Amino acid sequence: MGSIFDEIIDRKNTKSLKWDYCRQRFGKDDILPMWVADMDFKSPSPIIEAIIRRAEHGVFGYTEASEKLSDALAGWMKNRHNWRIDNKWIVYSPGVVTSVNTAILAYTNPGDRILMQTPIYYPFYSSIRDNERELVVNPLKKNNGYYEIDFDDLENKLADNVKLMIFCSPHNPIGRVWKLCELEEVLRLCKKYDVILVSDEIHSDLVFKGHKHIPINSLAEGIHKKCITLVSPTKTFNIAGLSVSAAIIPDLELKSGFKKFLNKNGSNMLNIFGLTAAEAAYTSCEKWLGELLEYLEDNLNILVEYFQSNIPQIKVIRPEATYLAWLDCNDLPVPADKLKEFFVNKAGVGLNDGITFGKEGYGFQRLNFACPRKMLLEGMERIKKAVQALYI
Ligand SMILES: Cc1ncc(COP(=O)(O)O)c(C=O)c1O
């Protein structure tokens, strides 16, 4: 019997960024999009049913997140991540990027220095630059295809007047799940140099076997109170279009600063369907998530094996979490600044160009493998043919 995730769903003409905007993003319509981080799967049925029930009510006035939702989120954090949170620490926001921007505005001033570890999810570059803060980078070190934090560099940079650090845990695009000793060291250094730590944990529910996500804030009590955690059900349950997320801020002073700026921007009002979906996600979708993770891990194994056997010129950096594979294309006979064009025009697939994640992404591409297996095989087949043609 096939998996529910094998179903091919036509997403064209659904206002999908991934499927309906290929011309704007890649210059042509007829490509297989394997880029932006959403999945080509249906969301779990408890979410769909909850949305339908709420839609049928027919009145869509102003909303407020319920205590039931906070209980559900707190239960999720406790059961899945062994972190006991107080409902009073939760602030809802339309998205994690909104929350990162809010934290920047709330806790820093123009000209202040903000550190992040590169390559990294590209919107954070605009979060820093557009708010006129100064970017400080702590590039991740790559040893034999495995990325690690360069702690000497991190300490030197944090010591040099950094006010805030954006931490990505698990990390997009390189897919690391940070280990306990790494998290402890990040916390220790942030405490030592009095740096506010903003931990983006949007991918924390999408972790593969053999790895365990630890919320950095669950280690922070009594060590470093200037730590905020950003989570969301949107990646896990494929509801990014519903715009819902939460900031978990144990320190009351930081929490009130965050809320003030959220209100100032008018970003405090949430969408009723997002709130409804989040509640269903955190109460009724754990079984679905287990099945999803199995399917994604099978896709990942197939992807790694396929590239090793058929396209050895491209090295897959195997992610420990996320459904995003970081492809090292430096051995291809294609200049790094022509890679995007190569994948679009020769292979007919739309990937994320590595350079957008920072200069350490030069020569890399990011491939989203959260799609039905048939689609994944089609994408890889297209890449194989295009690569083979380079050597004829
Ligand atoms: C690390 C990371 N943070 C944030 C986001 C986006 O979050 P939101 O849609 O809630 O703004 C993404 C989406 O891919 C992501 O990978």
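Every chain is numbered independently, its residues counted from 1 as its sequence is written. For this predicted model, a pLDDT threshold of at least 70 governs which residues receive local features, and a threshold of 80 or more governs which side-chain atom pairs are given and counted, while totals over whole chains, interfaces and linings are taken from all residues.

**Q** I tried to follow the overall build of the chain on my own but got confused; where do I start?
**A** The secondary structure listing takes helices from DSSP runs of H or I that are at least 4 residues long and strands from runs of E that are at least 2 residues long, numbered from the N terminus. For the chain, the count of helices and strands is 13 helices and 15 strands. Radius of gyration (C-alpha) of the chain: 21 Å, near the 21 Å computed for a compact globule of 392 residues. Using C-beta atoms placed from the backbone, we call a residue buried if 20 or more other C-beta atoms fall within 10 Å of its own, exposed if 12 or fewer do, and partly exposed for counts in between. Considering the chain as a whole, with its 392 residues, one finds that 47% of them fall into the buried category. Contacts are defined on C-beta atoms placed from the backbone: any two residues whose C-beta positions lie within 7 Å are in contact. Considering only contacts in the chain between residues 6 or more positions apart, those separated by 24 or more positions represent 74%. Here the radius of gyration uses the C-alpha set of atoms, whereas the globule reference equals 2.2 Å times the residue count to the power 0.38.

**Q** I tried to follow the sheet that holds strand β2 (residues 90-93) on my own but got confused; where do I start?
**A** Strands are labelled as partners when DSSP assigns at least two bridges between them. In space, the seven strands of this open sheet follow the order β2-β10-β9-β8-β7-β3-β4, with mixed pairing throughout. Edge strands, defined here as strands with exactly one partner in the open sheet, are β2 and β4 (134-137). The average angle at which neighbouring strand axes cross in this sheet is 25°, direction not considered. Inspection of the sheet shows strand β7 (residues 162-168) paired to strand β8 (residues 196-200) by five bridges, in the parallel sense. Of the residues in β8, the one forming a bridge with C168 is D200. To get an axis, a line is fitted to the C-alpha atoms, and for a helix only the part in contact is used. The angle between two axes follows their N-to-C directions and goes from 0 to 180 degrees.

**Q** Looking at this structure, I do not really get the domain arrangement of the chain. What am I missing?
**A** Accessible area lost upon the coming together of the parts serves often as the stated size of an interface. Under the domain assignment used here, the chain contains domain 1 (4-43 + 287-390) and domain 2 (48-284). Here the C-alpha centre of domain 2 lies 25 Å away from the C-alpha centre of domain 1. Put simply, the parts of the chain that give the side of domain 1 that touches domain 2 at least two residues each are α11 (286-310), β11 (315-317) and β12 (324-328). Note that Gly is not counted as nonpolar here; it falls among the polar residues with everything else outside the nonpolar set of Ala, Val, Leu, Ile, Met, Phe, Trp, Tyr, Cys and Pro and the charged set of Asp, Glu, Lys and Arg. Residue composition of the side of domain 1 that touches domain 2, grouped by class: eleven nonpolar, six polar and six charged. Domain borders in the structure are assigned automatically or taken from a domain database.

**Q** How should the sheet that holds strand β15 (residues 364-368) be read in this particular structure?
**A** Two pairing modes exist for strands in a sheet, parallel and antiparallel, and in both the strands are linked by backbone hydrogen bonds. One open sheet accounts for four strands, arranged β11-β12-β15-β14; its pairing is antiparallel. The open sheet has two edge strands, β11 and β14 (352-353), and neither has a second partner. Sheet topology note: the β12/β15 ladder contains five bridges and is antiparallel. By the bridge assignment, L327 is partnered in β15 with Q365.

**Q** Any chance you could explain helix α10 (residues 272-284) here in plain terms?
**A** Residues separated by three or four positions in an α-helix point in the same direction, a consequence of the helix having 3.6 residues per turn. How far a helix is expected to stretch is found by multiplying one less than its residue total by 1.5 Å. Between its first and last C-alpha atoms α10 spans 18 Å; for 13 residues at 1.5 Å apiece the expected length is 18 Å, and the two agree. The set of residues buried in α10 consists of F273, G274, T276, A277, A278, E279, A280, A281 and Y282. Looking at the packing, one finds that the buried side of α10 touches α3 (45-57) and α4 (67-81).

**Q** Any chance you could explain the packing of helix α12 (residues 339-347) against helix α13 (residues 373-390) here in plain terms?
**A** Helix packing for two helices is described by the angle between their axes and how far apart those axes are. Closest axis-to-axis distance for the α12/α13 pair is 9 Å, and the angle between their directions is 105°. Relative to α13, α12 is oriented roughly perpendicular. In contact with F342, K346 and A347 of α12, α13 contributes R382, I383, A386 and A389. The residue inventory of the contact of α12 with α13, partitioned by class, reads five nonpolar, no polar and two charged. Oblique is the label for any angle not under 35 degrees, not over 145, and not in the 65 to 115 range, which are roughly parallel, roughly antiparallel and roughly perpendicular in turn.

**Q** Just to check I follow, could you spell out the pairing of strand β10 (residues 245-248) for this structure?
**A** The side chains of a regular strand alternate between both faces of the sheet. What you see with β10 is no split at all: S245 and A247 on one side and A246 and I248 on the other are buried throughout. Sheet topology note: the strand β9 (residues 227-231)/β10 ladder contains three bridges and is antiparallel. Within the sheet, the bridge partner assigned to L230 lies in β10 and is A247.

**Q** Explain the pairing of β9 to me, please; I cannot follow it from the model alone.
**A** Summarising burial for β9: five of the five residues are buried, a large majority. The side-chain alternation of β9 yields two buried faces, one formed by C227, T229 and V231 and the other by I228 and L230. In the sheet, β8 pairs with β9 via four bridges, with the strands oriented parallel. What sits directly across from D200, in β9, is L230.

**Q** Explain the nonpolar core to me, please; I cannot follow it from the model alone.
**A** Considering soluble globular proteins, one finds that nonpolar side chains tend to be buried as a cluster. Core analysis: the biggest nonpolar cluster contains 120 residues, and M165, L197, V198, I228, A277 and F369 have the highest contact counts within it. Per-element accounting of this core gives the leading share, seven residues, to α11. Three or more residues apiece are contributed to this core by two domains, here domain 1 (4-43 + 287-390) and domain 2 (48-284). For this analysis, nonpolar core means a set of buried Ala, Val, Leu, Ile, Met, Phe, Trp, Tyr and Cys residues linked through C-beta atoms within 7 Å.

**Q** Mind showing me how you'd approach the packing of α11 against α13 here?
**A** Between α11 and α13, the shortest axis-to-axis distance is 11 Å and the interhelical angle comes to 20°. The pairing of α11 with α13 is recorded here as roughly parallel in orientation. For the element pair α11 and α13, the recorded crossing hand is right-handed. In this structure, α11 contributes N299, I302, L303, Y306 and N310 to the contact, and α13 contributes R373, L376, M380 and K384. Two helices that cross are described as forming a left-handed crossing if the nearer one is turned anticlockwise from the farther one by less than a right angle, and a right-handed crossing if clockwise.

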